[in-house]
Amino acid sequence: YYRIPFPQSDRPRVVVGTAISEVIECSERGLSFEPAAEPGDVGDVIEGRIRFPRGVELPIRGEVVRIGEDRVSLALKGTGIPFAVIFQEQLHLRRR
């Protein structure tokens, strides 16, 4: 899988309930974000939406696999993030 680290100015947002968090990096099968609210525990399943700066918005569902001081990492379930979306985001970032 291809992992994209996002510069602070172009970070997607993860919306879980009323909490909006910035995505630090993502791939087709996982993502890490700065938690805006209590992330729960390792093993918990989180559902929400990811909004990319260029307008793509997708539902996400993932298991918390790591909780650090400044980030929470999810292993995405189901279809995850389509490769085409990852590819387009990477192209956009490279052109900047």
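Structure's up top.
Cut-off values and rules
Residues numbered from 1 in each chain as written. Predicted model: local features only at pLDDT ≥ 70, side-chain atom pairs only at ≥ 80, totals over all residues. Heavy atoms only, no water. Helix = DSSP H or I, 4+ residues; strand = E, 2+ residues; numbered from the N terminus. Rg over C-alpha atoms; globule rule 2.2 N^0.38 Å. Buried < 20%, exposed > 50% of the residue type's maximum accessible area, 1.4 Å probe, protein only. Contact = heavy atoms within 4.5 Å. Areas by Shrake-Rupley, 256 points an atom, 1.4 Å probe, with all protein chains shown as cover. Polar contact = N/O pair within 3.5 Å; in protein donor to acceptor, adjacent residues only side chain to side chain. Pairing = 2+ DSSP bridges.

## Describing the overall build of the protein chain
In step 1: Of regular secondary structure, the protein chain possesses 1 helix and 7 strands.
In step 2: Each helix and strand of the protein chain, ordered N terminal to C terminal, gives the series β-β-β-β-β-β-β-α.
In step 3: Here the C-alpha atoms of the protein chain give a radius of gyration of 12 Å, agreeing with the 12 Å that 2.2 N^0.38 yields for 96 residues.
In step 4: Structurally, the protein chain occupies a C-alpha span of about 35 × 25 × 20 Å along its principal axes.
In step 5: When each of the 96 residues of the protein chain is scored for burial, the buried share is 42%.
In step 6: Sequence-distant contacts, at least 24 apart, represent 51% of the contacts inside the protein chain between residues at least 6 apart.
In step 7: Split by element, the accessible area of the protein chain, about 5700 Å² in all, is 49% carbon and sulfur.

## Remarks on the side chain of S21
In step 1: Secondary-structure assignment places S21 in strand 3 (residues 19-26).
In step 2: Polar side-chain contacts of S21 include one of 3.3 Å to the backbone oxygen of E34.
In step 3: At 3.0 Å, the side chain of S21 forms a polar contact with the backbone nitrogen of A36.
In step 4: Other than its neighbours up to four places away in sequence, S21 contacts P12, R13, V14, F33, E34, P35 and A36.

## Structural notes on the pairing of strand 6 (residues 57-67)
In step 1: In this structure, strand 5 (residues 45-51) lies alongside strand 6, joined through 7 bridges in antiparallel fashion. Directly across from R51, in strand 6, lies its bridge partner E57.
In step 2: In this antiparallel pair of consecutive strands, strand 5 and strand 6, the connection spans 5 residues, and G55 shows a positive phi of 110 degrees.
In step 3: Bridging between strand 6 and strand 7 (residues 72-76) involves 5 bridges; their strand directions are antiparallel. The residue of strand 7 that forms the bridge with E63 is A75.
In step 4: Hairpin geometry of strand 6 and strand 7 is characterised by an intervening segment of 4 residues between the two adjacent antiparallel strands.

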